[in-house]
Amino acid sequence: MPSSESHDTDRPSSPRWGIKALERAELEALHQATLHVLWHAGVKVEDPPAVDIFEAAGATIERRGTHALVRLPASLVEESIRSAPGTFTLHGRDPKHNFLVRPGATGFTAGYGEHVMVIDIHTGEVRPTVKQDLADITRIQDNLEHVSFAERAACSGDQYPAVQAVHNYDAMVRNTSKHVFLSAGGGDNAKAIVAMAEAVAGGREKLRERPIVTCLVSPTSPLSLVTECTSSMIAAIEGGLNVVFHAMSLSGASSPATPVGVVVQHNAEVLSALVLAQAVRKGVPCIPAFNSTMMDLRRSVAPIGVPELALHGVAGIQLMQYYDLPTWAGACASDSKIPDAQQGYDFTLTAMPAALVGANVIYGIGALESVITFDYAAMIMGAEQAGRIKRIVQGIDLSGLDEAVALIEEVGPGGEYITHDHTFAHMRELSSSSIFDRKARELWERDGSKSAADRAYVEARRILASHEPAPLDDGVTEKLDAILAAREAEARAATA
Amino acid sequence: MTEQELLSAATEAVVAANEEKACEVAREAVSLGLDPLRVINEGFTPGMREVGDLFERGTMFLPEVILASEAMVAAVAILEESLPADQREKTAGSVVLGTIEGDVHDIGKGIVATLLRVYGFEVHDLGRDVPLTSFVEKVAETGADLVGTSALMTTTMVGQKALEKMLKEAGLRDQVKTMVGGAVVTQYWADKIGADAYAENAQEAVAKALELAQG
Ligand code: HCB
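Remember, it's a predicted structure, so these values are computed and weren't measured experimentally. (Residues numbered from 1 in each chain as written. Chains lettered and ligands numbered in written order. Predicted model: local features only at pLDDT ≥ 70, side-chain atom pairs only at ≥ 80, totals over all residues. Heavy atoms only, no water.)

Concerning the sheet that holds strand S7 (residues 117–119) of chain A
Here's step 1: In spatial order, the strands read S8-S7-S20-S19 (chain A); together these 4 strands make up an open sheet with mixed pairing. Of all the strands in the sheet, just strand S8 (126–128) and strand S19 (367–368) of chain A have a single pairing partner and so form its edges. (Pairing = 2+ DSSP bridges. Helix = DSSP H or I, 4+ residues; strand = E, 2+ residues; numbered from the N terminus.)

Digging into empty space enclosed by the protein
All names here are of chain A.
Here's step 1: Within the structure shown, the criterion is met by 4 cavities of 30 Å³ or more.
Here's step 2: Its boundaries defined by the atoms lining it, the second largest cavity holds a volume of some 50 Å³.
Here's step 3: The wall of the second largest cavity is formed by Leu182, Ser183, Ala184, Ala190, Ile193, Val194, Val213, Thr214, Cys215, Ala236 and Leu241.
Here's step 4: Of all elements in the fold, only strand S10 (180–183), helix H7 (187–201) and strand S11 (213–217) reach the threshold of two or more residues within the lining of the second largest cavity.
Here's step 5: Residue composition of the lining of the second largest cavity, by class: 9 nonpolar, 2 polar and no charged. (1 Å grid on protein atoms, 1.4 Å probe; cavity = no way out; pocket = protein on both sides within 12 Å on 5 of 7 lines; lining within 4 Å. Points joined across faces, edges and corners; volume = space filled by probe spheres on them. Nonpolar A, V, L, I, M, F, W, Y, C, P; charged D, E, K, R; others polar.)

Details of the coordination of the cobalt atom of the ligand
Here's step 1: With respect to protein ligation, the cobalt atom of the ligand binds only His105 of chain B (NE2), at 2.1 Å.
Here's step 2: In this fold, His105 of chain B is placed in the loop between strand S1 (93–99) and helix H5 (107–118). (Donors = N, O, S within 2.8 Å, 3.2 Å for Na, K, Ca; no water.)

What to know about the nonpolar core
Here's step 1: By size, the foremost hydrophobic cluster in this structure holds 127 residues, and its most contacted members are Phe54, Tyr169, Met233 and Phe245 of chain A.
Here's step 2: Split by domain, this core shows at least three residues from each of two domains, domain 1 (24–77) and domain 2 (85–394) of chain A.
Here's step 3: Phe54 of chain A has contacts with Val45, Ala59, Ile61, Val70, Leu72, Leu225, Ser272, Val275 and Leu276 of chain A, leaving out every residue within four places of it along the chain.
Here's step 4: In this structure, Ala29, Val51, Leu54 and Ala197 of chain B belong to the second largest nonpolar core, which totals 52 residues. (Core = buried A, V, L, I, M, F, W, Y, C linked by side-chain atoms within 4.5 Å. Buried < 20%, exposed > 50% of the residue type's maximum accessible area, 1.4 Å probe, protein only. Domains from an automatic or database assignment. Contact = heavy atoms within 4.5 Å.)

Notes on the site of the ligand
Here's step 1: The environment of the ligand is formed by 46 residues, the closest being Glu114 and Glu228 of chain A together with Val104, His105 and Ser150 of chain B.
Here's step 2: Within the side chain of Ser218 of chain A, an N or O atom sits 3.2 Å from a nitrogen atom of the ligand.
Here's step 3: Ala202 of chain B is positioned such that a nitrogen or oxygen atom in its backbone is 3.0 Å from an oxygen atom of the ligand.
Here's step 4: Looking at the shell around the ligand, the elements with two or more residues in it are H5, strand S3 (146–150) and strand S4 (177–181) of chain B.
Here's step 5: Ranked by residues supplied to the shell around the ligand, first place goes to H5 of chain B with 4 residues.
Here's step 6: Partitioning the shell around the ligand into residue classes produces 22 nonpolar, 18 polar and 6 charged. (Near = heavy atom within 4 Å. Polar contact = N/O pair within 3.5 Å; in protein donor to acceptor, adjacent residues only side chain to side chain.)

Remarks on the interface of chain A and chain B
Here's step 1: The interface is formed by 16 residues belonging to chain A together with 17 residues belonging to chain B.
Here's step 2: Of the roughly 1,500 Å² buried between chain A and chain B, counting both surfaces, carbon and sulfur atoms make up 63%.
Here's step 3: Counting across the chain A and chain B interface gives 0 salt bridges.
Here's step 4: In this assembly, chain A and chain B are joined by 2 residue pairs in polar contact (both at pLDDT 80 or more). (Buried area = accessible area lost by both parts, 1.4 Å probe. Salt bridge = Lys/Arg side-chain N within 4 Å of Asp/Glu carboxyl O.)

What about the domain arrangement of chain B?
All names here are of chain B.
Here's step 1: Split by domain assignment, chain B resolves into domain 1 (3–88) and domain 2 (93–214).
Here's step 2: Using C-alpha coordinates to define each centre, domain 1 is positioned 30 Å away from domain 2.
Here's step 3: In this assembly, 8 residues from domain 1 lie in contact with 6 residues from domain 2.
Here's step 4: Around 590 Å² of area is buried between domain 1 and domain 2 when both sides are counted, 78% of it from carbon and sulfur atoms.
Here's step 5: The interface formed by domain 1 and domain 2 holds 0 salt bridges in total.
Here's step 6: Here domain 1 and domain 2 share 0 residue pairs in polar contact (both at pLDDT 80 or more) between them.
Here's step 7: Within the residue set of the side of domain 1 that touches domain 2, elements represented by two or more residues are helix H3 (36–56) and helix H4 (62–80).
Here's step 8: Tallied by class, the residues present in the side of domain 1 that touches domain 2 amount to 5 nonpolar, 2 polar and 1 charged.

Describing the environment of Glu50 of chain B
Residues and elements named next belong to chain B.
Here's step 1: In this fold, Glu50 is placed in helix H3.
Here's step 2: Taking the C-alpha atoms as reference points, Glu50 and Lys208, 158 residues apart in sequence, are found 19 Å from one another.
Here's step 3: Contacts of Glu50, omitting those with residues within four sequence positions, involve Thr11 and Val15.

As for the domain arrangement of chain A
Here's step 1: Here chain A is described as being made up of domain 1 (24–77), domain 2 (85–394) and domain 3 (398–429).
Here's step 2: Between the C-alpha centres of domain 1 of chain A and domain 3 of chain A the distance comes to 59 Å.

Here we look at the confidence of the model for chain A
Here's step 1: Averaged over chain A, the pLDDT score is 95; the fraction of residues at 70 or greater is 97%.
Here's step 2: Taken together, the stretch residues 1–14 of chain A has pLDDT below 50 and engages in 33 contacts with residues farther than four places along the chain or on a different chain. (pLDDT = per-residue confidence, 0-100.)

Things to note about the packing of H5 of chain B against helix H9 (residues 202–214) of chain B
For any two helices packed against each other, the geometry is given by the interaxial angle and the distance between the axes.
All names here are of chain B.
Here's step 1: At a minimum axis separation of 9 Å, H5 and H9 run at an interaxial angle of 50°. In terms of orientation, H5 lies oblique with respect to H9. For the crossing formed where H5 meets H9, the hand is right-handed. Of the residues in H9, those touching H5 at Ile111, Val112, Leu115 and Leu116 are Ala202, Gln203, Ala205, Val206 and Ala209.
Here's step 2: Tallied by class, the residues present in the contact of H5 with H9 amount to 8 nonpolar, 1 polar and no charged. (Axes fitted to C-alpha atoms, helices over the stretch in contact; angles between N-to-C directions. Parallel < 35°, antiparallel > 145°, perpendicular 65-115°, else oblique. Left-handed = near helix turned anticlockwise from the far one by under 90°.)

Here it is in structure tokens:
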């Protein structure tokens, strides 16, 4: 059975089934609106080195004490859009997991950011996450066919706070040979993560040729680039890594209460980050992410499994496609507290549009409780659902039309297809299931009348007990230990 | 308009978040020579209480609550003009509020600040990514009743613990109460670090703040 990766990367960039919600003229209007915002409202930037880079690139700067207001001229923004590639490879530690980002390619990953709680896989207890949880979740991601890369789905909450991000990479790189996405929590941690990735990749030049990890940074809405964001970004790019711009406004609180306003502001935020990234290293691959959701102004909460998330995402991703940029969609997440019916509905409400619009990376598998809590059953079921959704966007192959007509004529009224050669040749292309139940009721009852979630927990435990990720090269774990220890000592000394 | 009708009109104006109408009712009360305190306590305050209930039940939007409180504040100001200074409403208390250093998640903290103001607190909002020393300095400067901190990350909640210690060292912990909140924070954490209160959401933050400020 071909793996999802070879599917995604081997298929030519073909027209695919999908949503084309916005016309060219509408996209151009949104683009012009964004340029207006970037010049007239501008962007607040805190860290002086980042301000200097913007200035050298041609932005107009007003320094105001603790920050600067940075105005971006249209020419600079458009030049930056042009210099960022739309096609590049997300390298796996093992090249068999390479994923070619290009129009038409979609891959899923688990975790909507960094969950802080988990439903314990053995006891069912909801508890704070520790480093071992991230190791376990990553190991399962490594094994799942429809997970193309590993996002950092839990935080190493039992580790020293200032360096949890570095522990996160440590836990992940030992447990997967797929490409890794994570955030760094500032420039010093980003440098340590780069050093660890160099050790894994076999040296500085090797990492630059094959960046095996990508750094997530968050513009803060409205229109702000805080120090943590820019310092992480600069250190990661200088170290040879690619970056994801993970903005996430809440419509009605940190962005306008209408989707059109959210899309324009969000676009301005990711483009401001893109300008900085391209000024640090021209041509560095950047993935703008669309995660803006809404504020429920009756309950004062930020729900994620909502139509708004999908609306913002579809429009934003179409804009990126208009720019020939790669795309990332936040989706799959639920506000339910358990892997129940709501979780399934929420998942598909946002994952399906994201896939149909052609997002290159879709994340959020396993996310519950407005992305606070991670769940193993939701991950296993979500991965299977991701496979089914990917089948839909592959669409129908019309080249089989003549053959199909001849076949229908041959079998004729009242005939059958089960014994026909054509069926034999194509039956493996039909979808199958593993966790989702298709059995006759009696068989299902004989197997204990279990819910899909129950079966999914069993499957997660099975993978954990049996799957061994590809080992690191000899001597690498010692280097990882040393880099981690040095960074932790440095951070402890700085706060002492 | 009878007095009873006027009191109902005051309540309705607040619930409808209609500032113009609320002021009109207040002026009418003054011109009729009614007792301003009675109009506040039996007309406008019940309106605000109803607004709080409607918000709690999820039928009213946060921006409506803010507008309603602005209507209330404007009307009360008119009524208080005819009251001697010592009978005017005092603030419910004074609160220093901010998101802990290293953390930029400030949307929830902003809502808490807004609701505290709605319920009559004087709020010193220090913003996000606030150095711990700034909390201590602001408490010393203002003599606040309460310091509320927000942390949404496992990496920043430790700042709430450190602040407890710093307030003690500055000799301020006996005169100021502490409240903690934010997505990753729990009652367990509050107990562990010795904070006076934990609030799950903004409404609860107001309730706890009222309790602490009175105590
Ligand atoms: C929006 C958002 C979130 N983010 Co942020 N984020 C953001 C955006 C914040 C924008 C802003 N201006 O605040 C933004 C900028 C995109 C962002 C950035 C980051 N984030 C990150 C992460 C990882 C996280 N983030 C969280 C908190 C996620 C959040 C997940 C979540 N569901 O919480 C989530 C989705 C929502 C937060 C929110 O505003 N909720 C709505 C408000 C109303 O709720 P609230 O803040 O809980 O407040 C309530 C309540 O707690 C209480 N309350 C709050 N403060 C109180 C104080 C008191 O004294 C009393 C009561 C108090 O009352 C409020 C109103 O009812 C995660 C749980 C999401 C996840 N699954 O990854 C996670 C935490 C990880 C951890 N280790 O703890 C970044 C590292 C992102 C990345 N690159 O990977 C980065 C870090 C930035 C930093 N150093 O602070």
